[in-house]
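An overview of the molecular structure
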Amino acid sequence: MKTKSYFTKWRYLSLLCTWIFSIGIIAQNVTITGNVIDQNQIPIIGGNIIEKGTNNGTVTDIDGNFTLTVPQGATLQVSYIGYITNEVQVGNQTTLQIVLREDMQALDEVVVVGYGTQQKVNLTGAVARIGEKELESRPIQNVSSALQGLVSGLTVMSGQGRPGQDGATLRIRGTGTLNTASPYILIDGVESGTMNSLDPNDIESISVLKDASSAAIYGSKASNGVILITTKRGKAGTPRVSYNGFYGIQRATELTERLSSYDYARLYNQALINDGNNPRFSDEDLRKFQDGSSPYTHSNTDWYDLAFKNGMQQQHNVTASGGTDNTKYHASVGYLGQEGILSNSNRKQFNGRINLDVAINDRLDMKMNLAYIKNDYSDPTNSYVRGGSDQIIRQLNIIAPWIVNKYEDGTYGTVSDGNPIAWLDLDQTIDRKNQNFTGILAADYKFSKNLTGTLQGSYINNMQHYREFMKDIQYNPNKYHGPNQLDERYYLWNRTTFDALLNYDKLFNDVHTFKVLLGWHTEKYNYNENTMVRRSFPNNNLTDMNAGTASTQTNSGFSRALAMISGFGRINYNYASKYHFEANFRADASSRFSSENRWGYFPSFSAGWRISEEAFMESLRDDVNNLMLRASWGLLGNQDALDDYYPYLNTYNLGGSYPFDGSLQSGYYQSSYRIPSISWEKARTYGLGIDLSLFNHYNASIDLYDRKTTDIIMDVPVPAEFALGAYKDNVGAMRNRGIEVSLGYNNRWKDWSLSVNGNVSYNKNEILNLGGVERMISGSTINQIGHAISSFYVYKADGFFQSQEEADAYAEKYNPSTGTTLFSQQFKAGDIRYVDVNGDGKIDGDDRVISHSVNPAFIYGLNVNAGYKNFDLSMIFSGAAKAARILNSEAFGSFQGDVSHPTTIWLDAWSPDNTSAKMPRIYNSINSNSAPERVMSTFWLQNTSFVRLKNLQFGYTLPVSLINSIGISNARVYYSAENLFTIDNMPISIDPENNSERASSYPIVQTHSFGVSLTF
């Protein structure tokens, strides 16, 4: 009995201890209720509350309140976009009031630079950063166009809206060469060639390296600036799944207004009469055009209305991210579908990406990026010259409205070139099917606390299958186009790179910071192209290559390869956050050049003085948050100036024919001469800058720069006796000078917030050397020493002749006996009058004047963000000034009968009763000295300055209290519009960014979309 009693006592004692221990454990967990506000006592909605080192967390509601159970003594990490993260020790507290301070000036912001990152406040070079906020929820088809207006010094010209081919032209600090002037673009540190098919939802940030000090680490590819795109990576914490998607409607920003059949017919009659001919149309014809009583014989065809429609666009992206301290992941899949505003133009893109970070142990970290993009797009083609929709749009511009589209029997009306709607009805397209794979694997090994080594390898593979089947067509019994033809091509390239880096980072005595980077880079690029063509297929439904007639087949193909090895380094020194110094050096060897000229050397130096950290600024520190002076100098290179892979190597052409021994023999021949000394183009750049932040709300940045490009590769003129064509050599020189100003303001008042950031840039381009010649003229453009590249070279117009007597007197003064051979037609009242610029008594080519360039001298942008409680509004404006473009008679329209269609501006043509008209007298065809085909003058040169509302976005974030119960932590609905309106001075309704002289490019589109962003 005693034994039993003994065990019973121990059993009860054991239960008691367990109960007490459990109570102790329970007592260690506490439930925290708290409120998060900013320094203005405004609640932080959707703020993140995370127990440090765990996945345990929550978000604040509409009033900034939260509840979270954590162990006693835990540390909470409280964060929100645009605010400095705050860490709070729980201790034995159960109620917390947490204040977040806005990171208004983002001085601690990390900016991606070449082969690393730096704090924005420590930058000594000219680097601009674009965050994900500027790109999110915008209905954009490509990243390049989305950059317009966001960065000073970055010129973005959209050009056209063709699905899949709507990428913008980018220039950093002007055009620095006569050759390829596009910036060097890298995504996650590798050159993948997929900027315009990259899903904007995957982008974390974009850095624009504008000067030599920031870009010299990329040496021979950095002469035209560098753009670094960084994709999102996972963060430790609770797994999150997000969805972003929108549906949008698209239409052309501008379609040119053209005359009705009635107005065209009566003005055409007038043009014929003015030229001494009989009118084509009778009064009865004009009546039928006006009342529409005979639509098949007297049509008023709206060709634009038949061809263009509202386009549709949709984009969807699903992202999953999260992880632990050891493993982090970010994965996404996306889809972009676009039905263009022109029939049969479309784009379908699928993209997938996964970024993985794994900490193997305390010393070794691994990173892996895998990305796949399938981007297919189609463009309708024509049955006249093939090649896509440009010729279709040209025909839509010039075919007369009195040409019927379809007769009652279903056959087509045509002109000599055919019928553009018939081409669209054929459903014949150029199909481009693209696949891109990018794989990156990197390992970071910490040799010590201060020394880290990195090995990174990447492989990029890109393939395009190009296919154009041009169908034959019988428009009507009298008009046929054929035979049918299949053009099929395969383009394949791949790039393999390897990088080895050593990074040393050490702080001495709490004031001296040294950072040293040493690196080695190797790169191999392979390119293959194959083309095959057959004609005369049995019908338009058999489209395999074998169905074409074998006797019509042609084929071609070639391969090319490039290789490069590089060594580079960087040294950063920082003393007490006041004095900053950076030096970069890179040596590149490229297979593009001969062994004697293969190596190029590219150094840069920059320094900064952060005056605001000086002791004498102590009393102003609350007002002057940051004041820094910067200076830089560097030398950059351009090995991609030419498409030629081997510009130093003399080559021979096969397919030559020679008469020999009474018959024609095949052989080969040399068509051009190459010199082995050809090498890099070089760009010397220096700059001065100042950064200023005031009162925690204002910021400003000003940069002055001077970039001189020398050794520009260009044709060297040769005498006729040379027998071969002009050869290329490093003989040209050019300079770009400019100033960039960025201003910003950020503030919050209770429920309101406002952010305004503007930028304006001025660039002066000047040609310094053209290899021994003063000027090089090409059509209506000129490159001349002392002037900007691609300036227009045209005759100077001086109004219209107001009477026949005035025209006759002019013709008498500048008659052929004076040496004037320009004017072969009789001058009439209402014609354009031209100026004898040099005053030599005759008008010839020497009287042309150099006018504006197609490249704008000024670019500017304005980004406005406002918020009230859960509502947000943002606007992005962009613009350009002091730029010009010629629009010829196809854009304005002329009076040539069936194959022209004048614009409505001709309703204000000169006549004796309308002497202050906008247009000269109406003339038939080009039988006038006013016609741009005969005399290109300043009259036809248009000022393309503009201001555009690039993006307008209005959104509403749903209260957390409404969506938390269904597992959603954040939900936002929004309306977004792209290219909403444009202010310009164009004389006709055409977009100022149109890049075609004859206005035949695919119209730039305006998009209205509705979307939703969800986070689970």
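Data block above holds the structure.
Residues numbered from 1 in each chain as written. Predicted model: local features only at pLDDT ≥ 70, side-chain atom pairs only at ≥ 80, totals over all residues. Heavy atoms only, no water.

**Remarks on the nonpolar core**
- With 73 residues, the main nonpolar core has L396, W402 and W906 as its most contacted residues.
- Among the elements that line this core, the one with the most residues is helix α4 (residues 261-274), at six residues.
- Core analysis: the second largest hydrophobic core is formed by 23 residues, V156, L198, I206 and V208 among them. (Core = buried A, V, L, I, M, F, W, Y, C linked by side-chain atoms within 4.5 Å. Buried < 20%, exposed > 50% of the residue type's maximum accessible area, 1.4 Å probe, protein only. Helix = DSSP H or I, 4+ residues; strand = E, 2+ residues; numbered from the N terminus.)

**Examining the pairing of strand β22 (residues 451-470)**
- Of the strand pairs in this sheet, strand β21 (residues 429-446) and β22 are connected by 17 bridges, and their pairing is antiparallel. Looking at the pairing, T438 lines up with I460 of β22.
- The turn joining β21 and β22, which pair antiparallel and follow one another in sequence, is formed by four residues.
- Note that β22 and strand β25 (residues 485-508) share 20 bridges and pair antiparallel. Residue pairing for β25: I460 is matched across the bridge by R495. (Pairing = 2+ DSSP bridges.)

**Digging into the environment of S595**
- Tracing the backbone through its elements, the reader meets S595 in the loop between β28 (579-590) and β29 (599-610).
- By relative accessible area, S595 is classed as exposed at 53%.
- Measuring from C-alpha to C-alpha, the distance between S595 and V947 comes to 50 Å, with 352 residues separating the pair along the chain.

**Topic: the sheet that holds strand β13 (residues 184-187)**
- Spatially, the four strands line up as an open sheet ordered β10-β14-β15-β13, and their pairing is mixed. The strands lining the two open edges of the sheet, one partner per strand, are β10 (127-131) and β13. Across the sheet, the mean angle separating the axes of adjacent strands is 15° when strand polarity is ignored.
- Pairing analysis gives four bridges linking β13 to strand β15 (residues 226-231), with the strands arranged parallel. Note that in β15 the partner of I185 across the bridge is I227. (Axes fitted to C-alpha atoms, helices over the stretch in contact; angles between N-to-C directions.)

**Here's the deal with unusual backbone geometry**
- A cis amide bond, omega 0°, links G482 with the succeeding residue P483.
- Structurally, the position occupied by P483 is in the loop between β24 (479-481) and β25.
- Look at A576: it is not a glycine, yet its phi comes out positive at around 55°.
- Topologically, A576 is positioned in the loop between β27 (549-575) and β28.
- For K882, which is not glycine, the phi dihedral falls at a positive 55°.
- With respect to the helices and strands, K882 occurs in the loop between β44 (871-881) and β45 (884-886).

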